[in-house]
Amino acid sequence: MNTREMFAKAIKGGYAIPAFNFNNMEQLQAIIKAAAETKSPVILQVSKGARNYANQTLLRYMAQGAVEYAKELGWEHPQICLHLDHGDSFELCKSCVDFGFSSVMIDASSLPYEENIALTKKVVDYAHQYDVTVEAELGVLAGVEDEVSAAVSHYTKPEEVVDFATRTGCDSLAISIGTSHGAYKFTPEQCTRDPKTGRLVPPPLAFDVLDAIMEQLPGFPIVLHGSSSVPQEYVDMINQYGGKLPDAVGIPEEQLRKAAKSAVCKINIDSDSRLAFTAAVRKVFAEKPGEFDPRKYCGPARDLMTELYKHKIINVLGSDGKAE
Ligand SMILES: [Zn+2]
């Protein structure tokens, strides 16, 4: 399904839809299992990098298979959207629409304002012919995500959002209010340090900017990218078992929970599952150096990701039980 109805219900209900990226079978199984067990609508996100890594044809049929898998798990009416994350050209978005995606993102946020509008509108005009919903972006997030990166962020300007949404016809808007891509969202200089634990405390999200945007566009679906929390237990596990992730820090879950209760109706989480996967694999490698059956380390990784996704759905997004 596309995102139209999902988002309308999420805004009314004060929760957000999880948008989880997937690149391989174990990740997809974990996402579907978590969504089926909690009866949560879910957005399966595929980035350009994932399409290159896993092959676009394979990904498409994996997503179709996921719907059948969800039913097998006892989820009678699965609500699953297949979404392109960070489409960077009309051609890529068109290719995904033609390939059966139910939603696409055109991220032209690095272009000048008028060019962002023109490209977004072109994608919207094409996608809407096939009832495919379109997410656009205004404002720039810092950080690195697959092939998307920006050194300097700037917040979305609330005075631009009405003009942008009206002229492009986009269905949802990704905004920049201080979230950031990757596992290193903030430099130590941007943070304070908790004197007790020595851990970095990131700067708070700009809720004043979010409020101003919601005032301009009442009831319009807002999207947050780069919203991993970088759970310190996974960072610790990775470091304990031979990894090296100093000072990785994310967005505190309380802030995301607060955002989910507003017009923010899609929250993108990718890095946290990468951390869970890596932590579980490292643990097996460290404890059982003789292990060479990938199922014996990808299996535990899948279990830990399932746990993570369920935690996000229930405790952060509040989307459990919304797709009975
Ligand atoms: Zn993103």
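Right above here is the structure, for reference.
Because the structure is a prediction, the values reported are computed rather than measured.

**Some thoughts on the pattern of salt bridges**
If you walk through the whole model with that rule in mind, you get 20 salt bridges. Here lysine 310 makes a salt bridge to glutamate 37, at a shortest N to O gap of 2.5 Å. A residue pair is termed long-range when its members are at least 10 positions apart, and lysine 310 in helix α12 (residues 294-317) and glutamate 37 in helix α2 (residues 25-38) qualify at 273 residues. Its relative accessible area of 26% is what places lysine 310 among the partly exposed residues. One salt-bridge network, in which partners are shared between bridges, spans Arg4, Asp131 and Asp171.

**Examining helix α8 (residues 207-216)**
All buried positions along α8 are accounted for by Phe207, Val209, Leu210 and Ile213. Buried positions in α8, seen along its axis, are confined to an arc of 155 degrees and lie on one side of it. Among the exposed residues of α8, those oriented more than 90 degrees off its buried face are Asp208 and Glu215. Looking at the buried residues of α8, the elements they touch are α7 (161-168), β8 (172-175), β12 (222-224), α10 (253-260) and β13 (264-269).

**Description of the side chain of lysine 185**
Its location among the elements puts lysine 185 in the loop between β9 (180-181) and β10 (192-193). Buried charge without a partner: lysine 185 forms no salt bridge, and the closest opposite charge is aspartate 272, 6.8 Å away. A polar side-chain atom of lysine 185 sits 2.8 Å from the main-chain carbonyl oxygen of glycine 182. If we skip the residues at most four places from it in the chain, lysine 185 touches Ser180, Gln190, Gly226, Ser227, Ser228, Val249, Gly250 and Ile251.

**Notes on the nonpolar core**
Formed by 99 residues in total, the largest nonpolar core has its most connected members in Phe22, Leu44, Val104 and Leu173. Here the element with the most residues in this core is α12; it accounts for 10 residues. Each residue touching valine 104, except ones within four places of it in the same chain, is listed here: His83, Leu84, Cys93, Cys96, Val97, Val123, Val132, Thr133, Val134 and Glu135. Judged by nonpolar contacts, the second largest core, of nine residues, contains Phe7, Ala10, Tyr15 and Cys265.

Criteria and thresholds
- Residues numbered from 1 in each chain as written.
- Predicted model: local features only at pLDDT ≥ 70, side-chain atom pairs only at ≥ 80, totals over all residues.
- Heavy atoms only, no water.
- Salt bridge = Lys/Arg side-chain N within 4 Å of Asp/Glu carboxyl O.
- Helix = DSSP H or I, 4+ residues; strand = E, 2+ residues; numbered from the N terminus.
- Buried < 20%, exposed > 50% of the residue type's maximum accessible area, 1.4 Å probe, protein only.
- Arc of directions from axis to C-beta.
- Contact = heavy atoms within 4.5 Å.
- Lys, Arg positive; Asp, Glu negative; His and termini not counted.
- Polar contact = N/O pair within 3.5 Å; in protein donor to acceptor, adjacent residues only side chain to side chain.
- Core = buried A, V, L, I, M, F, W, Y, C linked by side-chain atoms within 4.5 Å.

Any functional reading would require information that these geometric values do not contain.
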